[in-house]
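Fold and geometry: a report
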Amino acid sequence: MQYPAGAVQFQVSDLNKEIPVTTSNLNQIPSLDEVLVLGGGVAGCAASIALARKGRSVTLIEREPTPRHKVCGEFLSGEALEDLHALGIDVASLGAVPINYVRLAAARRAAEAPLPFPAASLTRKTLDTALIAEAIAAGVRLVRGRSVQALERTTSGAWQATLNDGATYEAATVFLATGKQDLRGHTRPADPQRWIAFKMYFRLAPAQASELARASELMLYPGGYGGIQPVEGGIANFCCVVQQRYLARVGHRWENFLAKMRQDCPHLAMRLASAEPLLAKPIAITHIPYGYIRRTSENGLYCIGDQAAVIPSFTGDGISLALHTARCAVAAYLAAEPASLFQAKLRSALLSQMRLAELAADGLNNSLARAVLPFCLRVWPGVMRVTARLTRVAQQATVATHAVAG
Ligand SMILES: Cc1cc2nc3c(=O)[nH]c(=O)nc-3n(C[C@H](O)[C@H](O)[C@H](O)COP(=O)(O)OP(=O)(O)OC[C@H]3O[C@@H](n4cnc5c(N)ncnc54)[C@H](O)[C@@H]3O)c2cc1C
């Protein structure tokens with residue numbers, strides 16, 4: 001399939017479209033659970049599975065009727081693999097591709113270093129499908145295809161979630177895991193840089209696919225960065241971020257932006273030569289408050305995943321962070337630790353890695369750094385390994401076996 005030139009124009013109104021859903025009278029029956037988990041992505045599923053395995057009654061509400069493609073580079077770091085393994089997710093059997101190298105390309109230079117930890121890549125559609133199935137198997141009650149519109153305290157002190165069909169669900173405790181989407185009344189701060197992210201799948205030309213094999217490549221260009229890596233099914237994920245003012249310079253059009261990235265980064269142009277785009281148009285999101293770590297918890301709400309912290313995407317650590325925050329929140333809840341204390345402890349534990357990742361991201365966006373970085377890495381490839389380690393979230397997990405090891 002050829003990508004239809006000029007057919008795709010990025011529009012903010014294209015984003016966050018609600019999928020039409022059907023409702024049933026059964027869904028109108030009020031429900032009271034011990035825990036409500038809002039959002040069935042990585043963090044919400046992980047928390048639901050862990051709570052259900054501890055015998056807690058959990059209802060998980062996910063707005064999509066079935067898992068779909070999400071804007072994500074789909075890189076699974078060593079920490080993410082450990083947490084997924086502990087949840088019973090065997091990424092190798094799902095077709096995950098082992099990733100052993102990281103390459104950095106800017107202007108006309110590229111440098112490579114081995115990753116200092118096992119890593120893999122797997123599409124979010126496959127991963128989210130497996131996580132939802134594991135949640136159901138653990139006994140989680142799943143409500144899908146309907147979105148939470150409001151979350152409020154009732155006069156009796158319970159939380160009440162109202163869905164888009166008017167049904168209400170009540171619980172003493174709520175885990176907020178709606179990821180990139182904020183719930184009305186529980187929003188995160190604005191994103192001053194006004195980042196926009198895109199994801200597109202490509203079938204690369206055979207020579208390019210074999211050169212990319214087992215590597216995650218980071219490409220730098222003015223106004224942002226992008227990553228390309230193989231995923232299951234013999235295809236490649238290309239995911240990129242750009243500040244809105246740079247996108248404005250190319251008329252907010254994806255095909256213009258892609259052409260500009262290829263021009264600014266010849267390595268990307270080489271990878272995408274004769275590549276076949278596999279989605280009719282890229283999927284996109286806005287409002288990515290990189291560097292955000294939630295300070296406080298409102299009224300005892302446990303906030304996890306992107307609702308707790310948003311790490312710069314180039315680290316490939318968002319999924320690991322989502323799993324980590326879910327695990328910590330469940331441990332805190334089971335230990336009767338108040339949500340406010342959990343959120344404060346999480347913040348102080350994440351602060352140094354987050355600030356370091358932000359510093360590194362600023363460096364990637366600096367034109368001088370962009371020009372010299374690959375050269376420095378060639379001379380001293382160890383710097384890439386050090387950066388990779390420092391920007392990872394510290395893990396307590398002791399699971400040693402990796403389903404995917406190079
Ligand atoms: C450009 C980019 C590239 C990235 N690349 C990587 C990478 O390579 N590796 C990595 O580890 N991380 C990466 N990340 C980060 C990673 O995608 C996120 O950190 C991770 O998905 C967060 O998980 P989550 O569970 O919080 O949110 P999600 O996985 O997004 O799940 C949230 C869920 O909530 C549901 N939901 C939303 N609103 C409602 C509602 N009102 N009612 C009910 N359900 C709702 C959504 O449908 C969704 O399923 C990247 C992020 C970006 C922006």
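Structure shown above.
Here's a quick rundown of the structure. (Residues numbered from 1 in each chain as written. Predicted model: local features only at pLDDT ≥ 70, side-chain atom pairs only at ≥ 80, totals over all residues. Heavy atoms only, no water.)

To continue, consider the packing of helix α8 (residues 318–334) against helix α9 (residues 339–364). Describing two packed helices takes the angle between their axes plus the distance from one axis to the other. In contact at an axis separation of 10 Å, α8 and α9 are set at 155° when each is read in the N-to-C sense. By the angle between their directions, the pair α8 and α9 is classed as roughly antiparallel. As α8 runs across α9, the sense of the crossing is right-handed. In this structure, α8 contributes Leu 321, His 324, Thr 325, Cys 328, Ala 329 and Ala 332 to the contact, and α9 contributes Phe 342, Leu 346, Leu 350 and Met 354. (Axes fitted to C-alpha atoms, helices over the stretch in contact; angles between N-to-C directions. Helix = DSSP H or I, 4+ residues; strand = E, 2+ residues; numbered from the N terminus. Parallel < 35°, antiparallel > 145°, perpendicular 65-115°, else oblique. Left-handed = near helix turned anticlockwise from the far one by under 90°. Contact = heavy atoms within 4.5 Å.)

The next thing to look at is the side chain of Thr 123. Looking at where Thr 123 falls in the secondary structure, it is placed in the loop between β5 (109–121) and α3 (124–137). The contact partners of Thr 123, leaving out residues within four places of it in the chain, are Glu 74, Tyr 201, Val 231 and Glu 232.

Here we take up the packing of aromatic side chains. Each pair of aromatic rings is reported with the distance of its centres and the angle of its planes. What the rule picks out here adds up to 11 aromatic pairs. Seen from their ring centres, Tyr 225 and Phe 314 are 5.9 Å apart, and the 90° between their planes marks the pair as edge-to-face. Here Tyr 225 is found in strand β12 (residues 224–231), whereas its partner Phe 314 is found in the loop between β16 (302–303) and α8, with 89 residues between them in sequence. Here Tyr 225 matches Phe 314 in class, with each residue buried. On the numbers, 5.8 Å between centres and 40° between planes, the contact of Tyr 302 with Phe 342 is tilted. (Phe/Tyr/Trp six-rings, centres within 6.5 Å; stacked < 30°, edge-to-face > 60°. Buried < 20%, exposed > 50% of the residue type's maximum accessible area, 1.4 Å probe, protein only.)

In the vicinity of the ligand, 36 residues are found, and the nearest of them are Glu 62, Gly 73, Arg 124, Asp 306 and Ile 319. The contact in question runs from a nitrogen atom of the ligand to an N or O atom on the backbone of Gly 73, over 2.7 Å. Gly 316 is positioned such that a nitrogen or oxygen atom in its backbone is 3.2 Å from an oxygen atom of the ligand. Burial of the ligand by the surrounding chains reaches 95%, relative to a free accessible area of 1000 Å². Contributions of two or more residues to the shell around the ligand are made by α1 (42–53), β2 (58–62), β13 (235–243) and α8. Partitioned by chemical class, the residues of the shell around the ligand number 15 nonpolar, 12 polar and nine charged. (Near = heavy atom within 4 Å. Polar contact = N/O pair within 3.5 Å; in protein donor to acceptor, adjacent residues only side chain to side chain. Areas by Shrake-Rupley, 256 points an atom, 1.4 Å probe, with all protein chains shown as cover. Nonpolar A, V, L, I, M, F, W, Y, C, P; charged D, E, K, R; others polar.)

With that settled, the discussion passes to empty space enclosed by the protein. A complete count under the given rule lists one cavity of 30 Å³ or more for this structure. Of the voids in this model, the largest cavity is the one considered here, and its volume is about 70 Å³. A per-class count over the lining of the largest cavity returns two nonpolar, two polar and six charged. (1 Å grid on protein atoms, 1.4 Å probe; cavity = no way out; pocket = protein on both sides within 12 Å on 5 of 7 lines; lining within 4 Å. Points joined across faces, edges and corners; volume = space filled by probe spheres on them.)

Attention shifts here to the pairing of β2. Taken across its five residues, β2 has five buried, putting it largely inside the fold. Here β2 shows two buried faces, one formed by Val 58, Leu 60 and Glu 62 and the other by Thr 59 and Ile 61. Sheet topology note: the β2/strand β6 (residues 141–144) ladder contains four bridges and is parallel. In the sheet register, Leu 60 faces β6, and the bridge partner there is Leu 142. (Pairing = 2+ DSSP bridges.)

All right, on to the environment of Gly 39 then. Take Gly 39: it is sitting in the loop between β1 (31–38) and α1. For Gly 39, a relative accessible area of 9% puts it in the buried group. Along the chain, Gly 39 and Glu 62 lie 23 residues apart, while their C-alpha atoms are 4.8 Å from each other. Contact partners of Gly 39, with chain neighbours within four places excluded, come to Gly 44, Cys 45, Leu 60, Ile 61, Glu 62, Ala 177 and Thr 178.

Across the two faces of strand β8 (residues 159–163) the burial differs, with Trp 159, Ala 161 and Leu 163 buried and Gln 160 and Thr 162 not buried at all. If you look at the hairpin formed by strand β7 (residues 148–153) and β8, you'll find five residues sitting between the two strands, and Gly 157 has a positive phi there, around 95°. Note that β8 and strand β9 (residues 168–176) share four bridges and pair antiparallel. Each bridged residue has a counterpart across the sheet, and for Thr 162 the counterpart in β9 is Thr 168. Hairpin connection between β8 and β9: a loop of four residues separates the two successive antiparallel strands, and Gly 166 in this loop has a positive phi of roughly 90°.

A general tendency of soluble globular proteins is for nonpolar side chains to be buried together. Of all hydrophobic cores here, the largest spans 52 residues; its most connected members are Leu 76, Leu 131, Phe 175 and Ile 304. Listing elements by their share of this core, those giving two or more residues are β1, α1, β2, α2 (78–86), α3, α8 and α9. Looking at this core, the element that brings in the most residues is α8, giving nine residues. Beyond its immediate chain neighbours, meaning those up to four positions away, Phe 175 contacts Val 35, Leu 36, Val 37, Leu 38, Ala 47, Leu 51, Tyr 302, Ile 304, Ala 329, Val 330 and Tyr 333. Listed in part, the 29 residues of the second largest apolar core include Tyr 221, Ile 235, Leu 268 and Ala 275. (Core = buried A, V, L, I, M, F, W, Y, C linked by side-chain atoms within 4.5 Å.)

Taking 1.5 Å per residue, 17 residues should reach 24 Å; α8 reaches 24 Å between its end C-alpha atoms and fits that length. With 12 of 17 residues buried, α8 lies mostly within the body of the structure. Listing the buried residues of α8 in full gives Ile 319, Ser 320, Leu 321, Ala 322, Leu 323, His 324, Thr 325, Ala 326, Ala 329, Val 330, Ala 332 and Tyr 333. Ala 336 lies just past α8 and shows a positive phi near 60°. (Expected span 1.5 Å × (residues − 1).)

On to the side chain of Gln 208. One can find Gln 208 in helix α4 (residues 206–212). There is a polar contact of 2.5 Å between the side chain of Gln 208 and the side chain of Arg 271. The contacts of Gln 208, once residues within four sequence positions are left out, are Met 270 and Arg 271.

This part takes up the pattern of salt bridges. One pass over the full model with this rule turns up 19 salt bridges. Close ionic contact of Arg 63 with Glu 64 constitutes a salt bridge, the shortest N to O distance being 3.4 Å. By the burial criterion, Arg 63 is buried, and Glu 64 matches it. For Asp 83, the salt bridge identified is with Arg 327, shortest N-O distance 2.7 Å. Of this pair, Asp 83 sits in helix α2 while Arg 327 sits in helix α8, and the two are 244 residues apart along the sequence. Since its relative accessible area comes to 28%, Arg 327 is described here as partly exposed. Salt bridges linked by common partners bring Arg 103, Glu 112, Glu 211, Glu 217 and Arg 271 together as one network. (Salt bridge = Lys/Arg side-chain N within 4 Å of Asp/Glu carboxyl O.)

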